[in-house]
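A structural walkthrough
The residues making up each chain are set out below.
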Amino acid sequence: MTKLAIIYYSSYGTIHSMATRLAETAESAGAEVRLRRVRETAPDDVVQSVEPWAAHAASVADQPVAEPADLDWADAAIFGSGTRYGHVTSQLQAFIDTLGPLWQEGKLADKVYAAITSTSTQHGGQETTLEAMNTTFAHFGGIIVPPGYTDQVKFNDGNPYGVSKTAGSDLDDTDRAALDHLVTRVLMVAGKLRG
Ligand SMILES: Cc1cc2nc3c(=O)[nH]c(=O)nc-3n(C[C@H](O)[C@H](O)[C@H](O)COP(=O)(O)O)c2cc1C
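Residues numbered from 1 in each chain as written. Predicted model: local features only at pLDDT ≥ 70, side-chain atom pairs only at ≥ 80, totals over all residues. Heavy atoms only, no water.

With an unreviewed UniProt entry as reference, the protein is termed NAD(P)H:quinone oxidoreductase, source organism Aeromicrobium endophyticum. Looking at the Sequence similarities (unreviewed entry) heading of the UniProt record, one finds this comment for the protein: "Belongs to the WrbA family." (UniProt positions renumbered as here; feature names shortened; annotations may be inferred.)

Laid out in structure tokens, this is it:
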């Protein structure tokens, strides 16, 4: 069984719904999955002052939080983060910043990695945010698995770097197809590496 960690941060729920779809598809494919949200780092009064942010935070409050051990455990990991001015969220970055000891021991290397993102506007930083995560994976010594255009579905969502969604609507068929393709490809490559 391939072990897949899905590590994500979501303020308003878009990345959460994308990550949940990845988890469901991976479990259907027989993978062992840890779906983990990263810890909120924004002050609670700030979160509570933005209604959709507070609502999403409350809806996931009982769900497990990502720990470095989840990456140590995994054969493959998919990171998810909305964009912040073209970069990953500080919340996901704060989690990444806790990975120094694992990195030092070489325990982040030789795993399969991929990324998903969301922006509020179509050209608001989807590619740069995915590439920022891919840069981190390179420093891990990870095996980065971009979707490319390796399936016809990729000509619909059109992002070869990962999977991205412009926020503001529920997942549609194009989103689901791109997410399913990404996670299936990650599991396929991870399975081949495990031998
Ligand atoms: C401080 C801040 C900066 C943001 N910067 C951008 C940006 O540069 N481009 C963009 O399209 N959206 C930007 N957004 C919108 C978020 O990326 C978007 O709402 C989020 O990714 C949706 O994912 P979520 O629902 O999982 O939180 C920004 C949001 C915040 C709060």
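Some thoughts on the environment of Glu32
Relative to the helices and strands, Glu32 resides in strand 2 (residues 32–37). Its relative accessible area of 34% is what places Glu32 among the partly exposed residues. Spatially, the C-alpha atoms of Glu32 and Ala5 are 8.6 Å apart, while their sequence positions differ by 27 residues. Non-local contacts of Glu32, meaning those with residues more than four positions away in its chain, are made with Met1, Thr2, Lys3, Leu4 and Trp73. (Helix = DSSP H or I, 4+ residues; strand = E, 2+ residues; numbered from the N terminus. Buried < 20%, exposed > 50% of the residue type's maximum accessible area, 1.4 Å probe, protein only. Contact = heavy atoms within 4.5 Å.)

Quick look at the side chain of Thr25
Locating Thr25 in the fold gives a position in helix 1 (residues 14–28). Judged by relative accessible area, Thr25 falls into the buried class, the value being 16%. Side chain to side chain, Thr25 and Asp180 meet in a polar contact 2.7 Å long. Once residues within four sequence positions are removed from consideration, Thr25 is found in contact with Asp180, Val183 and Thr184. (Polar contact = N/O pair within 3.5 Å; in protein donor to acceptor, adjacent residues only side chain to side chain.)

Description of the site of the ligand
The immediate surroundings of the ligand are formed by 16 residues, with Ser10, Thr14, Thr83, Ser118 and Gly124 found nearest. In this structure, Ser11 approaches the ligand through a main-chain N or O atom, which is 2.9 Å from an oxygen atom. Contacts to the ligand include Gly13, whose backbone N or O atom sits 3.2 Å from an oxygen atom. Contact with the protein chains hides 79% of the accessible area of the ligand, taken as 640 Å² for the molecule alone. Of all the elements in the fold, those that place two or more residues in the shell around the ligand are helix 1, strand 3 (76–84) and strand 5 (112–119). (Near = heavy atom within 4 Å. Areas by Shrake-Rupley, 256 points an atom, 1.4 Å probe, with all protein chains shown as cover.)

So, the packing of helix 1 against helix 9 (residues 173–194)
Orientation of helix 1 relative to helix 9, taken along the N-to-C sense of each, is 50 degrees, at an axis distance of 9 Å. By the angle between their directions, the pair helix 1 and helix 9 is classed as oblique. The two elements helix 1 and helix 9 cross, and the hand of that crossing is right-handed. Contacts from Met18, Arg21, Leu22, Thr25 and Ala26 of helix 1 reach helix 9 at Arg176, Leu179, Asp180, Val183, Thr184 and Leu187. For the contact of helix 1 with helix 9, a count of residues per class yields 6 nonpolar, 2 polar and 3 charged. (Axes fitted to C-alpha atoms, helices over the stretch in contact; angles between N-to-C directions. Parallel < 35°, antiparallel > 145°, perpendicular 65-115°, else oblique. Left-handed = near helix turned anticlockwise from the far one by under 90°. Nonpolar A, V, L, I, M, F, W, Y, C, P; charged D, E, K, R; others polar.)

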